[in-house]
Amino acid sequence: MSERSKDQPMSAEEQAKASSGRNGISRRGFLKGAGLTAAGTALLEGVQAFSSETEAKETGVREFGPGPVPVRLHVNGTEHTVTIEPRTTLAEALRINLGMTGTKIVCDRGSCSGCTVLLDKVPVNSCMVLAMDAVGHHVTTIEGISQGSEPHPVQAAFVKHDAMQCGYCTPGMVMSCAALLDRNPHPTEQDVRQAVAGNLCRCGTYPKVFAATLDAAGSTRNA
Amino acid sequence: MNSFVLAECTSVSAALSQLNNGAVVKASGVDLLDRMKNGIEEPPKLVNIRNISELRGIRETDQGLTIGPLTTLAEISGHPAIQSRYQILSDSCGHAATPHIRNMATIGGNLLQHVQCWYYRSEEFSCIRKGKEFCFAFGGLNQYHAIMDYGSCPSVAPSSAAVGLLALNASVELQSARRGKRTVGIKEFYVVPDANPTRFTVIEPDELMTAIVVPKPAPGTRSAYQKYGEKESFDWAIADAGVLLEMDGDICRRAVITMGAASPVVRRSAQAEAALTGKPVTEETARAAGRASVEGAQPLSMNAYKLDLFPVAVYRTVLLAAGKMGRDPSAAA
Amino acid sequence: MTTHVKEDALLAQAADAPEKKSVEMPVGVPGYTLQNETIEVPVTEPPVWPINKDLKYVGHTAERYDGPAKASGRARYTSDVQLPGMLYAKLVNATVPHARVVSIDTSAAEKHPGVKGVHVIQHILGPAVLRDPSLEQVRYPVVRYAGQPVAAVAAMTPYAAEEAAKLVKVQYQTLPFVVDLDKAREPDAPQVFPGAADQAGSAGGGGGPHNVPQTGNIHGPSIKRVGDYEQGLKDADVVVEGHYLTQVQTHSALETHGVVADWKPDMLTVWASTQGTASVREELAAFFRIPLSQVRVITEYMGGGFGAKFGPGNPGVVAAALSQKTGAPVRLMLDRREEHLSVGNRPSSDQRIRIGAKKDGPLTAIHLVAYGTAGCGTGAGCSGPAQNLYQYASLHTEENDVFINAGPASAMRAPGHPQGAFALEQTMDELAVKLNMDPLELRDKTDSHPVRRVERQIVRESALWKSRNPVAGASQGPVKRGIGMAQSVWYRFVNMNSAAEVRIHQDGSLEVLSAVQDIGSGIKTVMAQILAEQFGVPPAQIAVKVGDTNYPVGPNSGGSVTTLSLTPAVRDAAWQASQKFLADIAPALGSSPGDLVLVGGEVRSRSDKFQPLSFRRAAAKMSSAQISVQARRIPDYDPKNYLTYGGVDVAEVEVDTEIGRIRVKRVLSVHDCGRPMNPTQTISQINGGVIQGISYTLFEHRLLDPGYGLMVNPDLDRYKIAGALEIPDIDVRLVEAYIGQSSTDASGIGEAAGVVSIGAAVGNAVYNATGVRVRQIPMTPSVVLAALHAARQGEEMA
Ligand SMILES: Cc1cc2nc3c(=O)[nH]c(=O)nc-3n(C[C@H](O)[C@H](O)[C@H](O)COP(=O)(O)OP(=O)(O)OC[C@H]3O[C@@H](n4cnc5c(N)ncnc54)[C@H](O)[C@@H]3O)c2cc1C
Ligand code: FES
Ligand code: FES
């Protein structure tokens, strides 16, 4: 949350959280290396603690909504409690409930990747993910990829190469490229193109996005 | 998007118990949320199967593959065994949508996605697929629509994966609480519009897809899939082709040719297959197969160009499968 | 279309007549035509800058000022603004393309528990307006396109707003409609307007001519004549002609149109995603009849406009009205579909062009008859390139706007020019073929612009052009390679409402302020560079504050005016502030103002009275806390000169002739923009123009169903925009072209950059590859295959 500008007001959730002091119990240790099963269990636990629903555990079903329900979202290493309707997408929860507006909603249909976040390190379109589906998983947003005050190498390279104009696609681009370098530290330009094949930039900054990402990877090629 | 109840399920039986009163299955939700956001569907309850771990994963045995329906397209296309022995499947899953969508989209959801016809997808058009009388595409904008076998609705089969799975003669396992399990071949799985325009597959509202079963191809089988769009950084196919060749030395013992964007359901082209069967695979026979693939086609007012596209898609994919041509730079990379 | 802008600027320039001095200024292109010229400038002007290589910060790479904010997601756009108690608004849009609104029932929406306010639109912005309003006696604005906003609701959550919007019941009396250009031109076509109608232009251009006839849906012709074109065609040795078609493109900025409006009793504050804070302020003040001083507009960051974002538009007015009604701040951001439908587009064109020429090149006649649709607006004129690129003995251009029941167009990056150049530059290419002349040589004989002449020379010497086979269709196999070139032109518009304030603080920190908005072109960075140059401190240490009407007025960013209009004001303010500063500290240094100079970040005494002092230490000697100077744009030094600029683009394509797919492999883009202030950012803009141009040429198409008048692809997947795998290798060569016009000598780039010429360059390359001319965009497989088939049939018949 330190990324936020000071003049931005707190969301209702934040205020609630701030006053109750129930903040940031990291579950990272528990979930580290957790596969789907563990994540599934975590989902139930995460929800259970805050849910007023009382279905018996043995049915394997837990119903939520249609009204707002409190859930825990693990974002950028911090656990947040948000009260959301089940129809809330992850992008909406981040932007509206958590005030993390770096993630953009552009098409709201999965066709532009402006809303890219990492879900357990994998880039996804948060406009097409229900926020409830992120419970029990690690969400990383653009606000969370810098290392402290140091920008992520991809962020630094984007600035160095001027890989942006209006900047609206930039958070999504950065997330896609950072995820690429995470799984492939030495990509070719074609790899970069493929990694951002779903990211639209209307200002047309692609050549510099490619150059920046290759530079961040320490590759010698400069465009 | 309408508000709904979300039923989180952790087991198949739990999910099956929820499938009533208009409840709809949600896997990763890419297709379902798209429909809901467009206002063409307003289910009161989503049955979230995304966290049912038993429905996810790839198992390879001597008989072939069993794929959990929650396995993502990225997991399938990136799987080493599939890349080496089921090329057409990794190709077709790897060329659907965008990289991030492939990270989310499940194979089950991909096979079950509704058609992409822009009339169907828009709230304003109450079409035959939504239980009304009329199809707007025949007299409207139909440049991306079907050229064959369309009957009352010329929407095209949207699933890339299905083009691969049909060629592999795969089947899906369906399960309901009341009727138990059944297995349906991919070909039989899809419903042509004339049989029932309001459904796309035979799956019943109370059924879950619980597995995709892919028999092991005969020794000497080579396969490939290529998808052609107007652009490459994700586009819906304007033509695509799946090719599976059982080779006996130079001679093609058996050929399977499948197409997606030609008709409302994925189709096999018997004519194209006949043009190759028992013959060596050369540019000449491949082109003959290509030409045969559109025999009998009846293009609509705006899509005659597909009559040129499919023959090329087929011949180039045949040559790719046979190892006689590289991946077509004009197809999606 | 753009002429009124030009005239305004000239008028404004004529009004000032200050005392002059003579200075020597560099004019021309270094390495080619550079020389010093004596130019009269006002005595108050700062010293002349040398060419870029002799400057330290200006003309050199400086990191984008807000790069870190954008790369980190910290940059706050309008869509990100959240205020305490803020409501979310949602528009109710017409579901039919043409109708009278009989009734609007908002009662159910008002009862929705989350709803705080409902607004019914009484006055719609955008569509053309009847010359005789009495022709339509209606209670609510007539619906002229599907998607036209009718009403709006404001609610506690976005979902509540969406639900409540659906509860508003609108009863329509539908009217016959037409959405097809050809059908709309038929005599018995349904009428979009019951009489003649005109659309106002926006700050960024757009809009069409007003004093033209209207017959049915045809608003025009607007005619320009030079000499006698019929005679010109008779005088020609060769005449080439063609029929060219271009589609409607939507701007598709990634951030949609929208505002957050906060109406307080004494101040309306509006965060707007806009290209013109000034235009939003003026139009809101006028609409609500409140003083300008009570409207504040803020645009910290904005996610793309491309010409469509001027004034508050319907979203701005509706949000302000809802905020006034509810007493709460209201956010109204359009969704993607609304963005496609209702806030502008690039008009289509249907052009018939003829060019006559002498055997050795000179043009005897250009004749262009153009129709195009700007929906229910005007502005489809596209004869700019025909009028302004070449020398001709005669010219006749006719522009006609054809009304259809679709959303009104607005200015879009170089309005009219990509369309016009697509036809003109392919016709010139065809002429070169007919004359058996190299296309560059033909231009040398017909285009006298001194800078484009240099640009063509650069093209001629490039490896890419040298690899071009002049014989069309020569390559073997189904995939054919070809190279083509085309030229672009744009105009130098000066927006005189450009001012900046420079502040020097006692701690040595520096600030520059202007209401100008940075739409991604990087004006913030350039402002910092100018101060850096003046004060000798790195640009990153300058505080740049823009995008707020509380600061001195800034230009609206449209028509490539921002940098060339604002930077002289910034430089003048910086210069004057530095002079004031030296005068102020002279006594404390035991010196006189005339003895002090500020160079290289140091204050020095000409007479060596003291050791050089760093700027920061010198600032500590200021007699008060702050020195502040505001300066406004003064007119161009010699506004009669150099009114146009442009570039030359070369494209290399591969055409897969079996499936009709075109792939642009390489682009060489040679452009001038006066003094490039920040070459890196300029290159970013040219890359963007090229890419947008390729996207327009090959993919984009707004599709309206002819039977129902609804857009079938109002999204970002079936509305197809070039992505990462469609991007060629782009080689940008920036040509420094000094023109002796202002204290910074900057020009614009946004419009001229690639977007004008790339369509024709691709078309010419496709011809070079295949021997077949594709005269229609987007060049999809369907279009390309049809052209190839037609050519083959033509050959067989011949
Ligand atoms: C921009 C974009 C481009 C695309 N391009 C392509 C493309 O080129 N090729 C292609 O093939 N696809 C493409 N897609 C579609 C995408 O692949 C599908 O939307 C996705 O695969 C659906 O999977 P899902 O898990 O999200 O399904 P969901 O949306 O969760 O489900 C889809 C449907 O299947 C039902 N369902 C899902 N799983 C089960 C189950 N196990 N049992 C019973 N019912 C079930 C649901 O009820 C729903 O009706 C594209 C999508 C986007 C957004
Ligand atoms: S906003 Fe999510 S993909 Fe476009
Ligand atoms: S920088 Fe503007 S959309 Fe990419």
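Refer to the preceding data block for the structure.
Residues numbered from 1 in each chain as written. Chains lettered and ligands numbered in written order. Predicted model: local features only at pLDDT ≥ 70, side-chain atom pairs only at ≥ 80, totals over all residues. Heavy atoms only, no water.

Trainee: An account of the overall build of chain C is requested, with residue identities and associated values reported.
Mentor: Regarding its fold elements, chain C presents 20 helices and 30 strands. For 798 residues, the compact-globule estimate of 2.2 N^0.38 gives 28 Å, and the C-alpha radius of gyration of chain C, at 27 Å, lies within 12% of that figure. Among the 798 residues that make up chain C, the fraction classed as buried is 67%. Considering only contacts within chain C whose residues lie at least 6 apart along the sequence, 79% involve residues at least 24 apart. For chain C, the separation between the mean place of its 76 positive charges and that of its 82 negative charges on side chains is 2 Å. (Helix = DSSP H or I, 4+ residues; strand = E, 2+ residues; numbered from the N terminus. Rg over C-alpha atoms; globule rule 2.2 N^0.38 Å. Buried < 20%, exposed > 50% of the residue type's maximum accessible area, 1.4 Å probe, protein only. Contact = heavy atoms within 4.5 Å. Lys, Arg positive; Asp, Glu negative; His and termini not counted. Charge placed at Lys NZ, Arg CZ, Asp CG, Glu CD.)

Trainee: Can you tell me about the interface of chain B and chain C, naming the residues and giving the values?
Mentor: Taken together, the contact between chain B and chain C spans 37 residues of the former and 32 residues of the latter. Note on chain B versus chain C: buried area summed over both sides is about 3,100 Å², and carbon and sulfur give 53% of it. For chain B, the biggest contributors to the area lost against chain C are Trp118, Glu230 and Lys231 of chain B; these three give 20% of the whole. Remark: the boundary between chain B and chain C carries seven salt bridges. Put simply, chain B and chain C have 22 residue pairs in polar contact (both at pLDDT 80 or more) between them. Take the side of chain B that touches chain C: its biggest share by element is five residues, from helix α12 (residues 306–321) of chain B. Looking at side-chain class alone, the side of chain B that touches chain C contains 19 nonpolar, six polar and 12 charged residues. (Buried area = accessible area lost by both parts, 1.4 Å probe. Salt bridge = Lys/Arg side-chain N within 4 Å of Asp/Glu carboxyl O. Polar contact = N/O pair within 3.5 Å; in protein donor to acceptor, adjacent residues only side chain to side chain. Nonpolar A, V, L, I, M, F, W, Y, C, P; charged D, E, K, R; others polar.)

Trainee: Can you break down the sheet that holds strand β2 (residues 24–26) of chain B residue by residue, with the values?
Mentor: With respect to topology, four strands assemble into an open sheet ordered β1(A)-β1(B)-β3(B)-β2(B), the strand pairing being mixed. Here the strands that pair on one side only, and so sit at the sheet edges, are β1 (61–64) of chain A together with β2 of chain B. Each neighbouring strand pair of the sheet contributes to a mean axis angle of 25°, computed without reference to strand direction. (Pairing = 2+ DSSP bridges. Axes fitted to C-alpha atoms, helices over the stretch in contact; angles between N-to-C directions.)

Trainee: Give a description of the packing of aromatic side chains that names residues and reports values.
Mentor: Across all of its chains, the model carries 22 aromatic pairs over all chains by this definition. For the pair Tyr77 of chain C and Tyr301 of chain C, a centre-to-centre distance of 5.6 Å together with 45° between the ring planes defines the contact as tilted. With Tyr77 of chain C in the loop between α2 (67–72) and β3 (87–93) and Tyr301 of chain C in the loop between β15 (295–298) and α8 (313–326), this residue pair connects regions lying 224 residues apart in the sequence. Per residue, the accessibility class of Tyr77 of chain C equals that of Tyr301 of chain C, and both read buried. Measuring from centroid to centroid gives 5.9 Å for Trp490 of chain C and Phe493 of chain C, while their planes differ by 90°, and the two rings are edge-to-face. Note on Trp490 of chain C: relative accessible area 1%, which makes it buried. The class for Phe493 of chain C is buried, based on a relative accessible area of 2%. Through successive ring pairs, a cluster of aromatic residues spans Tyr119, Phe125, Phe134 and Phe136 of chain B together with Tyr708 of chain C. (Phe/Tyr/Trp six-rings, centres within 6.5 Å; stacked < 30°, edge-to-face > 60°.)

Trainee: Report on the site of ligand 1, specifying residues and quantitative values.
Mentor: Taken together, 35 residues surround ligand 1, and among them Val25, Ser28, Thr106, Ser160 and Lys227 of chain B come closest. Each of chains A and B places residues near ligand 1. Backbone polar atom of Val30 of chain B to an oxygen atom of ligand 1: 2.7 Å apart, as the coordinates give it. Thr106 of chain B has a polar side-chain atom sitting 2.7 Å from an oxygen atom of ligand 1. In the complex, the protein chains occlude 96% of the 980 Å² of accessible area that ligand 1 would expose alone. Sorting the residues of the shell around ligand 1 by element identifies β2, α2 (30–37), α7 (107–112) and β8 (207–215) of chain B as the ones contributing at least two each. Ranked by the residues each element gives to the shell around ligand 1, the list is headed by α2 of chain B, at four residues. Residue classes in the shell around ligand 1 are distributed as 18 nonpolar, 10 polar and seven charged. (Near = heavy atom within 4 Å. Areas by Shrake-Rupley, 256 points an atom, 1.4 Å probe, with all protein chains shown as cover.)

Trainee: Pulling in residues and values, what's your account of the nonpolar core?
Mentor: Nonpolar side chains in soluble globular proteins tend to be buried together. In terms of nonpolar packing, the biggest core is built from 140 residues, with Phe158 of chain A together with Leu431, Val762 and Met779 of chain C touching the most fellow members. The leading source of residues in this core is helix α6 (residues 170–183) of chain A, at eight residues. By size, the runner-up hydrophobic cluster in this structure holds 73 residues, among which are Phe64 and Val117 of chain A together with Phe4 and Leu166 of chain B. (Core = buried A, V, L, I, M, F, W, Y, C linked by side-chain atoms within 4.5 Å.)

Trainee: Go over the interface of chain C and chain A, please, and point to the residues and values.
Mentor: Taken together, the 58 residues of chain C in the interface contact 48 residues of chain A. For the pair chain C and chain A, the two sides together bury roughly 4,300 Å², of which 55% comes from carbon and sulfur. On the chain C side of the contact with chain A, Gln82, Tyr159 and Leu254 of chain C bury the most area, a combined 18% of that side's loss. Inspection of the region where chain C meets chain A yields five salt bridges.

Keep in mind that these numbers describe shape and distance, not what the molecule does.
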